[in-house]
Amino acid sequence: MLTPYVPILVLFLLAVFIAVFVIVLSSQLGPQKPGARKLAPYESGMEPIGPAMRRFPVKFYLVAMLFIVFDIEVVFLFPYALVFRELGAAGLVAAGVFLAILMAGFAYEWKKGALKWD
Amino acid sequence: MQLLVQVIFVLIAAEIVGAAVMVVTAKNIVHAALWLIASFCGVGALYLLLEAEFLAVVQVLVYVGAISILMLFAIMLTRHVTGKGAETSLYQRWWVGLIVAAVLFAAVIAPTVLAHPWETATAAPALPGETGQPAAMAGIVDLGRAFVEEYLLPFEIAAVLLLVGLVGAIVIAFEERAARRHIPTLAEEVAHRRQPE
Amino acid sequence: MYEVIDHVLNVQMGLGVPGWVIHLVRHVTVAGILLVIAPLQMLLLTYLERRIIARMQDRVGPNRVGPEGLFQPVADGIKMFTKEDIVPTASDRWVHLLAPCVVVAPVFLMVSVVPWGPELVPIDMNLGLLFFFAVSSVSGAGLLMAGWGSNNKFSLLGGMRAAAQMVAYEIPAVLSILAIVIVTGTLSLVKILNVQGGLFTSLNDVSSVPNLGLGWFVFTPVGFLAFLCFFISALAEGERTPFDIPEADSEIVAGYMTEYSGMKFGLFYLAQYVLNFLLCAITAILFFGGWQGPGVEWLHSRGVTASPDGSVVFTILANVLGLAYFLAKTYFFFFVMVWLRGAFPRLRIDQLLDFCWKFLIPLTLVNVVSATLWAIAIQWGSPQGLAFLEGMGEWARWGMAFALTLVINAAAYIGLVRVNETSGNQTTVAEDRQDRSMKTATLS
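Since the structure is predicted, the reported quantities are computational estimates derived from the model, not experimental observations.

Procedures and definitions
Residues numbered from 1 in each chain as written. Chains lettered and ligands numbered in written order. Predicted model: local features only at pLDDT ≥ 70, side-chain atom pairs only at ≥ 80, totals over all residues. Helix = DSSP H or I, 4+ residues; strand = E, 2+ residues; numbered from the N terminus. Buried ≥ 20, exposed ≤ 12 C-beta atoms within 10 Å, placed from the backbone. Contact = placed C-beta atoms within 7 Å. Nonpolar A, V, L, I, M, F, W, Y, C, P; charged D, E, K, R; others polar. Domains from an automatic or database assignment. Expected span 1.5 Å × (residues − 1). Bend = angle between axes of the 7 residues up to and from the residue. Core = buried A, V, L, I, M, F, W, Y, C linked by C-beta atoms within 7 Å. pLDDT = per-residue confidence, 0-100. Axes fitted to C-alpha atoms, helices over the stretch in contact; angles between N-to-C directions. Parallel < 35°, antiparallel > 145°, perpendicular 65-115°, else oblique. Left-handed = near helix turned anticlockwise from the far one by under 90°.

Novice: Tell me about the overall build of chain B, residues and numbers included.
Specialist: A tally of helices and strands in chain B yields 8 helices and 0 strands. Listing every helix and strand of chain B by position from the N terminus yields α-α-α-α-α-α-α-α. Within the span of chain B, comprising 197 residues, buried residues form 22% of the whole. Within chain B, contacts between residues separated by at least 24 positions form 55% of all contacts whose residues are at least 6 apart in sequence.

Novice: Could you give me a rundown of the overall build of chain A, with the residues and numbers involved?
Specialist: Summing up its helical and strand segments, chain A has 2 helices and 0 strands in all. By residue count, 37% of the 118 residues in chain A fall in the buried class.

Novice: Please set out the interface of chain A and chain C residue by residue, giving values where relevant.
Specialist: Between chain A and chain C, the contact holds 50 residues from the first and 63 residues from the second. Those elements giving two or more residues to the side of chain A that touches chain C turn out to be α1 (5–29) and α2 (58–112) of chain A. Here the side of chain A that touches chain C gets 18 residues from one element, more than from any other, and that element is α1(A). Its residues assigned to classes, the side of chain A that touches chain C comprises 39 nonpolar, 6 polar and 5 charged.

Novice: Residue-level account of the domain arrangement of chain B, with values.
Specialist: All names here are of chain B. Partitioning chain B into structural domains gives domain 1 (1–107) and domain 2 (135–181). Taken together, the 4 residues of domain 1 in the interface contact 4 residues of domain 2. Looking at the side of domain 1 that touches domain 2 residue by residue, the class counts come to 2 nonpolar, no polar and 2 charged.

Novice: Describe the interface of chain B and chain C, and please don't skip the residues or the numbers.
Specialist: Between chain B and chain C, the residue contacts involve 20 residues of the former and 21 residues of the latter. Every element with two or more residues in the side of chain B that touches chain C is listed here: α2 (29–49), α3 (53–77), α6 (136–148) and α8 (186–194) of chain B. When the residues that make up the side of chain B that touches chain C are grouped by side-chain class, the tally is 16 nonpolar, 2 polar and 2 charged.

Novice: Account for helix α6 (residues 153–184) of chain C, with residues named and values stated.
Specialist: All names here are of chain C. Taking 1.5 Å as the rise per residue, α6 with 32 residues should run 46 Å; its terminal C-alpha atoms sit 46 Å apart, in good agreement. Of all the bends in α6, the greatest, near 25 degrees, is centred on glutamate 170, and the proline proline 172 appears no more than four residues after it. In terms of burial, α6 is largely enclosed, as 32 of its 32 residues are buried.

Novice: Mind laying out the nonpolar core, listing which residues take part and the relevant values?
Specialist: Ala64(A), Val104(C), Leu178(C) and Val274(C) are the most contacted members of the largest nonpolar core, which has 203 residues in total. For this core, the element with the highest residue contribution is α2(A), accounting for 24 residues. If near-sequence neighbours (up to four positions away) are discounted, Val274(C) is found in contact with Ala38(C), Gln41(C), Met42(C), Val107(C) and Val111(C).

Novice: Could you give an account of the confidence of the model for chain B, naming the residues involved and the relevant values?
Specialist: All names here are of chain B. Considering every residue of chain B, the mean pLDDT works out to 76; 73% of them sit at 70 or more. Between the elements of chain B, mean pLDDT differs from a low of 58, seen in helix α4 (residues 89–92), to a high of 88, seen in α2. Taken as a whole, residues 123–137 scores under 50 in pLDDT and shows 15 contacts with residues more than four places along the chain or in a different chain. With a pTM of 0.83, the predicted complex shows an ipTM of 0.84.

Novice: Any chance you could break down the packing of α6(C) against helix α13 (residues 349–379) of chain C for me, citing the residues and the numbers?
Specialist: For any two helices packed against each other, one specifies the inter-axial angle together with the distance between the axes. Residues and elements named next belong to chain C. For the pair α6 and α13, interaxial distance at closest approach is 8 Å and the crossing angle is 15 degrees. The angle between the axes of α6 and α13 places the two elements in the roughly parallel class. With respect to the hand of their crossing, α6 and α13 are arranged in left-handed fashion. Of the residues contributing to the contact of α6 with α13, the split by class is 20 nonpolar, 5 polar and 1 charged.

Novice: Give a description of the packing of α1(A) against helix α2 (residues 19–56) of chain C that names residues and reports values.
Specialist: Two elements in contact, α1(A) and α2(C), have axes separated by 9 Å at closest approach and are oriented at 50 degrees. Here α2(C) runs oblique to α1(A), going by the angle between their axes. For the pair α1(A) and α2(C), the crossing hand works out as right-handed. Every residue of α2(C) that contacts α1(A) at Val6(A), Pro7(A), Val10(A), Leu11(A), Leu14(A), Ala15(A) and Ile18(A) is listed here: His27(C), Val28(C), Val30(C), Ala31(C), Leu34(C) and Leu35(C). Among the residues making up the contact of α1(A) with α2(C), the classes are represented as 12 nonpolar, 1 polar and no charged.

Novice: Give me the environment of Phe288(C): which residues, what numbers.
Specialist: Residue and element names in this part refer to chain C. If you trace the backbone, phenylalanine 288 turns up in the loop between α10 (262–287) and α11 (296–305). Taking the C-alpha atoms as reference, phenylalanine 288 lies 6.2 Å from valine 218; in sequence the two are 70 residues apart. Beyond its immediate stretch of four places on either side in the chain, phenylalanine 288 contacts Trp216, Val218 and Lys329.

Novice: Just give me the short version of α10(C), but keep the residues and values in it.
Specialist: All names here are of chain C. For α10, with 26 residues, the first-to-last C-alpha span of 38 Å sits near the 38 Å given by 1.5 Å per residue. With respect to burial, α10 is a largely interior element, 24 of its 26 residues being buried. At the C-terminal side of α10, glycine 289 shows a positive phi close to 75 degrees.

Novice: Help me get a handle on unusual backbone geometry, residues and values and all.
Specialist: Positive phi outside glycine occurs at Asp58(C), with the angle close to 65 degrees. Of note in this structure, Asn151(C) is not a glycine but carries a positive phi near 55 degrees.

Novice: Go over the environment of Phe227(C), please, and point to the residues and values.
Specialist: Residue and element names in this part refer to chain C. Mapping phenylalanine 227 onto the fold places it in helix α8 (residues 221–237). The buried category is assigned to phenylalanine 227, around which 20 C-beta atoms lie within 10 Å. Here the alpha-carbon distance between phenylalanine 227 and alanine 324, two residues 97 residues apart in the chain, equals 21 Å. With residues near it in sequence (within four places) discarded, phenylalanine 227 still touches Val218, Thr283 and Phe287.

Novice: Let's hear about the environment of Asn152(C): which residues, and what values?
Specialist: Residue and element names in this part refer to chain C. Position of asparagine 152 relative to the elements: it lies in the loop between α5 (128–149) and α6. By C-beta crowding, asparagine 152 is classed as buried, having 27 other C-beta atoms within 10 Å. Counting along the chain gives 24 residues from asparagine 152 to serine 176, while the straight-line C-alpha distance between them is 36 Å.

This is the structure in structure tokens:
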């Protein structure tokens, strides 16, 4: 049934409308005196040094990657958790094996030192 | 009701396709990634329209919430974000990509289309949510049951696949870490200078 | 609700509108109420936070605008509306402008699944709990957009930190709720609240136990550990103080918000405080029974059985009492958040991630195992081949489950503290020594 999602859609449209409305309204209400200094990137009053959109360390990527693997794992466990009562021992073993394989990965990470932030 | 659902479907599908076109035509890679996120959101809405609540929520949780951030991080690792120098040889031979995409899409869609028991117009189809539709909760419960009964092997193989992804990420990142020139900290430098004395 | 609108539109005004218009009016009304309540909560919370933190720091805080400074947030809002709207020249204009909307919209969607009282439920969704977390994860993309679109080094750094932190602390948060889902077997917030009646969790079916509305999950070892882990992750998700690295003002100005002015900044602020409110609310709902409390169920059952005239009064009383319990719990958790801000220094990003990986995630995983054991001991029987469990009394089963999970969780906690002390302390001591030798070297 889709009925519970109709109010969500209404709420979403209203929320987006309000956000856009507020931004537009505040841009009209405030003074508008732009200047080169004012529109330059803020770097604590210094002349900006180099471009801001520069390369980033791989650390962030590694963190995101490792966490996403866990994210997916947890999502897999949710449908199982809901029917865990009626499935009995067979389900328990299946989910246990699933979890054990990922725990092996977690142990590998820990041993390898991948969890250290450089 | 049926008509309304179809109108909504067309709107969502247009959003997905439009965003996808923007992904491949955007000059700025970050913009391309943002359009891809919009496309993911559309797919989530489509799942919802198909009454696959759980898949819709997972689509948002994993793709919009996590994979998109992964992609943005990956882009910010690269050098040419703003698209200058993105005109590679592959870009000029766009028709190669088109053919490959068409073949792959056909390979995926053909078995589904051929195997689907198409309902002809003889019998009026039941309105969604009125008759014969399982309760929404049944979707996720069936999924959980299928994981440990019918699709036990794929379920466990998915775990192995995730493990491979994990190990791969570590191996790649560690190569990068090893290849990077070690910059000594001030303390190390001081300790190094002291040693000869 | 449907009947009321139907009565007003069709009977009193005689418009004769079809059913779907009435439904639409109903949805818009509910959405409108939520969109008014959420910013009001934000105004109240900012005021409370400033007053409480001022008291902790031996200051007075805002006390001039209105009685006791109560209208200070309103004044701040007016000020933000009349500030100049600055879009830096080098910024990515559309990404910069879209980012606040992408951050704010999910937060309002999250408000819609929170049950405020026994019948004050905006939307009861089968997957409410998962929906809440799925939608909350969307704002991570918005934060990255804000960081990248501003074309500022501080912004980009803040956005990256915020996104990394959000992705990271989602895992312990979701693992903690997985334990609750295993015990309850549902993802609906309304059903999770209904289970928390009685006196102790999972005993509300027993006839000898009075229904005092105190069957909160926090009274079980599984629920207690899940609560601790969840609340800590909630602090990180809401960027509250020990984890406010993305906007560390002593390092990166205001993080991803550095280039935002006027109401664009206000929207980020709004999203953050509504998110904090929601995280406190969901903590209260999952582990502290939400609107459950002594008397609510009694009033509610009287509302069903009493005569038509009295039933309305009883139902309203039950909802008011439930709402009072819910808000009291939620505000208490917000107070704890402010208290932590007054008491703790900010962590570094490596400490933040280490704590998540090496402490929270293993602990929550153990907790999931304990939750499974708890559910087996309480709920399984002959269908699963454990007929001997049925032979035991309800109390004996409950006691066994309690003792078993308590031992496992306590052992896991103590073990992890030990592991982290031995591995963590050595490095910090070594670093300390290095630092000190460096200092003496430079001095000499």
